Amino acid sequence: MHPTPALAPTPAPVVPPAVEVTDLRRRHGSFEAVRGISVEVRPGEVLALLGVNGAGKTSALEVLEGLAPAAGGSVRVLGADPRRERAAVRPHLGVLLQDSGLPGDLTVAETVRTWAGTLTAPRPVGEALAQVGLSGRADVRVRSLSGGERRRLDLALALLGRPRVLVLDEPTTGLDPESRRTVWRLVRGLVDDGAAVVLTTHHLEEAEQLADRIAIMRAGTVVVAGTREEIAASQPATVSFRLDPGAPRPPVPAGVTVVSAGPRVEWHTHALQPVLAELLAWAARAGVVLPGLQARAASLEQAFLAVADGADLG
Amino acid sequence: MTATTAPAVPAATAGPSRLRRVGALARAETLLLLRNRTAVVNSVLSPLLLVALVPLFGTDEAPLGQALLAAAAGFTLVFLTYYNLVVTYVARREALVLQRMRTGELTDGEVLAATAVPTLLVTAVQMAVVAVGVVVLGEWRAPVDPVLPVLAVLLGAVLMVVLATLSSVWTRTPESAQVTTLPVVVAATAASGLFFPLTALPEVLATVARLLPLTPVVELVQLGLSGRTWDGAAVAGADLWWAALGPVVTLLAWVLVAGALSLRWFRWAPKR
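Residues numbered from 1 in each chain as written. Chains lettered and ligands numbered in written order. Predicted model: local features only at pLDDT ≥ 70, side-chain atom pairs only at ≥ 80, totals over all residues.

Novice: I tried to follow the overall build of chain B on my own but got confused; where do I start?
Specialist: If you tally the helices and strands in chain B, you get 11 helices and 0 strands. Taken along the three principal axes of its C-alpha coordinates, chain B extends 85 × 40 × 35 Å. Per-residue burial for chain B yields a buried fraction of 43% across its 272 residues. Residue pairs in contact within chain B that sit at least 24 positions apart in sequence constitute 81% of those at least 6 positions apart. (Helix = DSSP H or I, 4+ residues; strand = E, 2+ residues; numbered from the N terminus. Buried ≥ 20, exposed ≤ 12 C-beta atoms within 10 Å, placed from the backbone. Contact = placed C-beta atoms within 7 Å.)

Novice: What am I meant to see in the domain arrangement of chain A here?
Specialist: The parts lose accessible area when they come together, and the size of an interface is often stated as this lost area. What the domain assignment reports for chain A is domain 1 (19–232) and domain 2 (236–297). Distance from the C-alpha centre of domain 1 of chain A to the C-alpha centre of domain 2 of chain A: 45 Å. (Domains from an automatic or database assignment.)

Novice: Explain the UniProt feature "transmembrane region" (unreviewed entry) in chain B to me, please; I cannot follow it from the model alone.
Specialist: Residues and elements named next belong to chain B. When the UniProt feature table is mapped onto this chain, "transmembrane region" (unreviewed entry) is found at residues 39–58, 64–90, 111–136, 148–170, 182–201 and 240–266. For residues 148–170, the end-to-end C-alpha separation is 33 Å, with 96% helix and 0% strand making up the annotated structure. Taken end to end, residues 240–266 has its terminal C-alpha atoms 38 Å apart, with 96% of it in helix and 0% in strand. (UniProt positions renumbered as here; feature names shortened; annotations may be inferred.)

Novice: In this structure, what is going on with the sheet that holds strand β12 (residues 264–269) of chain A? I would like to understand it.
Specialist: Picture the strands of a sheet paired through backbone hydrogen bonds; they go either parallel or antiparallel. Residue and element names in this part refer to chain A. Taking strand neighbours across the sheet as the criterion, the 4 strands line up as β11-β12-β10-β13 in an open arrangement whose pairing is antiparallel. The sheet terminates laterally at β11 (256–261) and β13 (294–296), the two strands that pair on one side only. Each strand axis lies, on average, 15° off the axis of its neighbour in the sheet, ignoring direction. Examined bridge by bridge, strand β10 (residues 237–242) and β12 share 6 bridges and lie antiparallel to one another. Within β12, the residue paired with Arg242 across the bridge is Arg264. The strands touched by helix α9 (residues 272–286) within the sheet are β10, β11, β12 and β13, with β10 carrying the most contacts at an inclination of about 20°. (Pairing = 2+ DSSP bridges. Axes fitted to C-alpha atoms, helices over the stretch in contact; angles between N-to-C directions.)

Novice: Would you explain helix α11 (residues 238–265) of chain B in this entry?
Specialist: Helical geometry: 3.6 residues make up each α-helical turn, so side chains three or four residues apart lie on a common side. Residues and elements named next belong to chain B. In this model α11 runs 41 Å from its N-terminal to its C-terminal C-alpha over 28 residues, within 8% of the 40 Å that 1.5 Å per residue would give. Of all the bends in α11, the largest measures some 30° and sits at Leu245, one to four residues before the proline Pro247. Those residues of α11 that sit buried are Ala243, Ala244, Pro247, Thr250, Leu251, Trp254 and Ala258. On the buried face of α11, the contacting elements are α6 (147–169) and α10 (215–226). (Expected span 1.5 Å × (residues − 1). Bend = angle between axes of the 7 residues up to and from the residue.)

Novice: Explain unusual backbone geometry here, please?
Specialist: Backbone phi values are negative for most residues with the exception of glycine, while trans is the configuration of most peptide bonds. Residue and element names in this part refer to chain A. We note that Asp23 has phi near 50°; this positive angle belongs to a residue other than glycine. Looking at where Asp23 falls in the secondary structure, it is placed in strand β1 (residues 19–28). The exposure class assigned to Asp23 is partly exposed, which follows from the 13 C-beta atoms found within 10 Å.

Novice: Is there a simple way to explain the interface of chain A and chain B in this structure?
Specialist: Taken together, the 34 residues of chain A in the interface contact 28 residues of chain B. Sorting the residues of the side of chain A that touches chain B by element identifies α2 (86–89) and α3 (108–116) of chain A as the ones contributing at least two each. A class-by-class count of the residues in the side of chain A that touches chain B yields 18 nonpolar, 10 polar and 6 charged. (Nonpolar A, V, L, I, M, F, W, Y, C, P; charged D, E, K, R; others polar.)

Novice: Sorry, what's going on with the sheet that holds strand β5 (residues 93–96) of chain A here?
Specialist: Residues and elements named next belong to chain A. The mixed open sheet is built from 6 strands, whose spatial order is β5-β6-β7-β3-β8-β9. Looking at the sheet topology across the chains shown, the edges are occupied by β5 and β9 (221–226). Sheet twist, expressed as the average angle between the axes of neighbouring strands with direction ignored, equals 15°. Of the strand pairs in this sheet, strand β6 (residues 165–169) and strand β7 (residues 196–201) are connected by 5 bridges, and their pairing is parallel. In the sheet register, Leu166 faces β7, and the bridge partner there is Val197. With respect to the sheet, helix α5 (residues 147–159) is in contact with β5 and β6, its orientation differing from that of β5 by roughly 165°.

Novice: Honestly, the packing of α5(A) against helix α6 (residues 177–192) of chain A in this entry has me stumped. Any pointers?
Specialist: Residues and elements named next belong to chain A. Two elements in contact, α5 and α6, have axes separated by 11 Å at closest approach and are oriented at 10°. In this view, α5 runs roughly parallel relative to α6, as classed from their interaxial angle. Here Gly148, Arg152, Leu155 and Leu159 of α5 come into contact with α6, specifically with Ser179, Val183 and Leu186. Residues of the contact of α5 with α6, tallied by class, amount to 4 nonpolar, 2 polar and 1 charged. (Parallel < 35°, antiparallel > 145°, perpendicular 65-115°, else oblique.)

Novice: Looking at this structure, how should I read the nonpolar core?
Specialist: Nonpolar side chains in soluble globular proteins tend to end up buried together. Counting residues in each nonpolar core, the largest one holds 76 residues, and the members touching the most others are Ala48(A), Ala156(A), Val165(A), Val198(A) and Ile216(A). Per-element accounting of this core gives the leading share, 6 residues, to α5(A). The contacts of Val198(A), once residues within four sequence positions are left out, are Val19(A), Val41(A), Leu47(A), Leu49(A), Leu61(A), Leu64(A) and Val167(A). Among the nonpolar cores identified, the runner-up in size contains 67 residues, and Leu106(A), Val122(B), Val129(B) and Leu223(B) belong to it. (Core = buried A, V, L, I, M, F, W, Y, C linked by C-beta atoms within 7 Å.)

Novice: So what exactly am I meant to see when it comes to the confidence of the model for chain B here?
Specialist: Residues and elements named next belong to chain B. Across chain B, pLDDT averages 88, with 91% of residues at or above 70. Across chain B, element-level confidence peaks in α6 with a mean pLDDT of 97 and bottoms out in helix α2 (residues 37–53) with 77. For this predicted complex, the interface confidence comes out at an ipTM of 0.87, alongside a pTM of 0.85. (pLDDT = per-residue confidence, 0-100.)

Novice: Please explain the pairing of β11(A) as it appears in this structure.
Specialist: Successive side chains on a regular strand alternate, one facing one side of the sheet and the next facing the other. Of all 6 residues making up β11(A), only 0 are buried, and the element is barely covered by its neighbours. Hairpin connection between β11(A) and β12(A): a loop of 2 residues separates the two successive antiparallel strands, and Gly262(A) in this loop has a positive phi of roughly 145°.

Novice: Please clarify how α2(B) should be interpreted in this entry.
Specialist: Residues and elements named next belong to chain B. Over its 17 residues, α2 runs 24 Å from end to end, which matches the ideal 24 Å to within 8%, given 1.5 Å per residue. Buried residues of α2: Ser43, Pro47 and Val51, and no others. Buried residues in α2 make contact with α3 (64–94) and α5 (108–136).

Novice: What should I look at first to understand the packing of α2(B) against α5(B) in this one?
Specialist: Two quantities define a packed helix pair, namely the angle between the axes and the distance from one axis to the other. Residue and element names in this part refer to chain B. Closest axis-to-axis distance for the α2/α5 pair is 9 Å, and the angle between their directions is 35°. Between α2 and α5 lies a crossing whose hand is right-handed. Contact residues: α2 offers Ser43, Val44, Ser46, Pro47, Leu48, Leu50 and Val51, while α5 offers Val122, Val125, Gln126, Val129, Val130 and Gly133. Here the contact of α2 with α5 is built from residues that sort into 9 nonpolar, 4 polar and no charged. (Left-handed = near helix turned anticlockwise from the far one by under 90°.)

Novice: Help me understand the environment of Gly133(A), please; the structure alone is not making it clear to me.
Specialist: Residue and element names in this part refer to chain A. Following the sequence through the fold, Gly133 ends up in the loop between α4 (125–131) and α5. Gly133 sits in the partly exposed class, given 16 other C-beta atoms within 10 Å. Along the chain, Gly133 and Ser179 lie 46 residues apart, while their C-alpha atoms are 9.0 Å from each other.

This is how it looks when you write it as structure tokens:
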């Protein structure tokens, strides 16, 4: 499964993935919500699934969580099937659903205590509340919590069993910036301790802050996946400058798409460095000044918008 | 990264026992019930009402105490256990609580069982209140066989839980339970033998009535209390248990069929 290259001088220890999804498919009746996705998450790693609403993120997570059957492909969590071997997987799995309810007439502390009573190795209730900043609200009925407080209580329950795999469906939607940062800090702490995390989000900033790897989904498939830099690199970089009327025009290097020919010239290219070198060499030879010269790699946002617009990426 | 060990599922450490897991959730559910004052008052008042009313309609068929106890078993199981559980399961499902409870270590069966515990406790309390009422009225007679009524109520309670999970499938809101529970509440109760003796029916209809879910419970309670079968014949000893066989098998069949259907169709989350 994980061949070590024979010629590698010092083979790195092979860490099997904590989450392994292979060609996963999921149907809702006749609608195929997930159409063959494959991702891996190793211990100590965060994978962010990005995508517009309806891209199939939640449908995919429900299979990881063991709540729904796959229509095809396979999902392994810590080497086991999360649905058929639920009893083996669950003690190590923390789940935060996108929408979930709690009885409104229990207090915060009663809610955490109840959940702890069902777990193999729960954190102490006080620690769990302190973690999410709810210590001062322990005796408040869940009904009276604000939306952000309820989300943090949800998170406290998801973390209560000290999970080694954490599945978070839009963990910070509806949270204020400060609560959001609390959540990020908690997730980072768990990852530092070796947990594997899969999360979905609408916030590109969240993906950039938390994720080691990002997979952008559209219509049930992963359209592009990789590190933030790799994904940005899937989009062309931009070179732009002004050309005064009458000034000599530079030759267009190979591999450049001319978006605008002037007076503000804009080129797109997947080979930013050689194109830029060629342009600068020409300008030096011809003695031409290029006012407003800019060269920048694509951003994650550009890639995300391109996917949302329906462009197929490498 | 320093982790070098395989992240396989570690050898099972001793987790909480099934009983402790169910107990934790059942305790929370009971707390919720106790915080609902209306529900608490109702659960004590309604059996007292029954004790007060049934003497007015007392028949000559059976001694008053035995009629009261049989009526208490039948009415409580349907109007309280079954109806309450349909409402509870639907309310918990629509509030997204059931789905949440499924994300932990509890198994599906444990979630459903723990949710049913408070209702089952109230069921037991109501029957006890009626029993005490029968003693107070001076109508208590020693049962011919004490095991049968207990067995009837236990099997009946299991069946009501299973029927409630099944009824929740086509109940979209707690309010609509008033309609979706009608087949069991009206048909099964009316033809259970509590309102009129089934011998008043033509034979075919009587047989059909005896196959409904509540009738076997009432039959078994009456059989154990008074030693009389559904058609009024007095039996004793081995004949008593022979007469009990039919209703017990009917109850088990209902549990199996309704359970299998529920396993197939039960929904844990609202329809999207």
